[in-house]
Amino acid sequence: MRILIVASYNKGCFAPFVVEQAEALKRAGCDVDWFGLQGKGIKGYIKNFPALKRKIKEFHPDIIHAHYGLSGLFANLQRDIPVVTTYHGSDINERKVLCFSNLAMRLSARNIFVSQKTLEIAKPSKKYTLLSCGIDLSDAQLTSKNEARQEIGLEAYKKYILFAGAFDNYVKNAPLAKKAVELLNCSNVELLELKGYYREEVTLLMCAADAFLMTSFTEGSPQVIKEAMACGCPIVSVDVGDVRERMVGIEGCYAANTRNSEELADLLKKALAFGKKTNGREKIIADGLDNRQVAEKLIEIYNNVINR
């Protein structure tokens, strides 16, 4: 099967989780090629259309898999190759983008939603599947806390809470996280910003941290939560995206009922006291969110679309 991935390339690279999903498809025997969209908004994307037509003529894909609503709408400007579109959250949660995503939903041969909440907001009438993006499982995620700290240069005596993003990213709501950590009133607790690290370093940080904290205003199906789960890191999060569903039944992981800093601080105390790896990795496998499992489900979706 020949699959053409259409996704934004405005940052000079494709989103890591899209690349990892594509690599899993390759390992499953698919022939995968890429088309990177550059430009802003619909007008910017439309300028890419002649190049897309050339890519289709060169590669002869059986199916196009577009990531995010605008990419899905763009990919559907051609009607020769069926399009599967995955909506990752921001393309549903942001009203100004949702209208374009709604058009993509009508035109796409199949729509994939990464969480129940995005599905409920989008309200598609048909042609949809609920399927979160998977993650790659690796031996590096099994690294012990002490070994990870030595490799990345963290102090052995401190309590480290890893924040789910950059402090200057408004959507991640760093002020709430900082307030919750401040309420712990503990001098040896440090909140680490997840910014500027390589993928391998992020894995080490998740293995080294005593807790992982998410306070975002909106999310779809956040990859960092699944990655922290795979590393066995205790997690505290507001109820956003599919976080509560992902963490259900995992001892040492807690989803808050409010966005109250005091509740988050109390949950952080529990997470810090947990003191060992969680069984989050087993939950990832049980939920079918190893990328190998997700690739199998995607191939089934592609075949259904092609055979229809």
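Relevant structure appears above.
Owing to the predicted nature of the structure, the values given are computational and were not obtained by experimental measurement.

Draft legend 1. Spotlight on the overall build of the protein chain. Looking only at helices and strands, the protein chain has 15 helices and 11 strands in total. Judged by the C-alpha coordinates and their principal axes, the protein chain covers about 60 × 35 × 35 Å. In the protein chain, buried positions account for 54% of the 308 residues. Partitioning the intrachain contacts of the protein chain with sequence separation of at least 6 by distance along the chain shows that 64% fall at a separation of at least 24. Split by element, the accessible area of the protein chain, about 14500 Å² in all, is 51% carbon and sulfur.

Draft legend 2. Layout of the sheet that holds strand E8 (residues 189-192). The sheet built from 5 strands is open, its strands ordered E8-E7-E9-E10-E11 with parallel pairing. Since the sheet does not close on itself, it has two edges, and those belong to E8 and strand E11 (253-255), each with one partner. On average, each strand axis in the sheet is inclined to that of its neighbour by 20 degrees, with strand direction left out of account. With 3 bridges connecting them, strand E9 (residues 211-214) and strand E10 (residues 235-237) associate as parallel partners. Looking at E10, one finds that Leu-213 is bridged to Val-236. Helix H9 (residues 174-182) contacts strand E7 (159-163), E8 and E9 of the sheet and is inclined by roughly 170 degrees relative to E8.

Rules and cut-offs
Residues numbered from 1 in each chain as written. Predicted model: local features only at pLDDT ≥ 70, side-chain atom pairs only at ≥ 80, totals over all residues. Heavy atoms only, no water. Helix = DSSP H or I, 4+ residues; strand = E, 2+ residues; numbered from the N terminus. Buried < 20%, exposed > 50% of the residue type's maximum accessible area, 1.4 Å probe, protein only. Contact = heavy atoms within 4.5 Å. Areas by Shrake-Rupley, 256 points an atom, 1.4 Å probe, with all protein chains shown as cover. Pairing = 2+ DSSP bridges. Axes fitted to C-alpha atoms, helices over the stretch in contact; angles between N-to-C directions.

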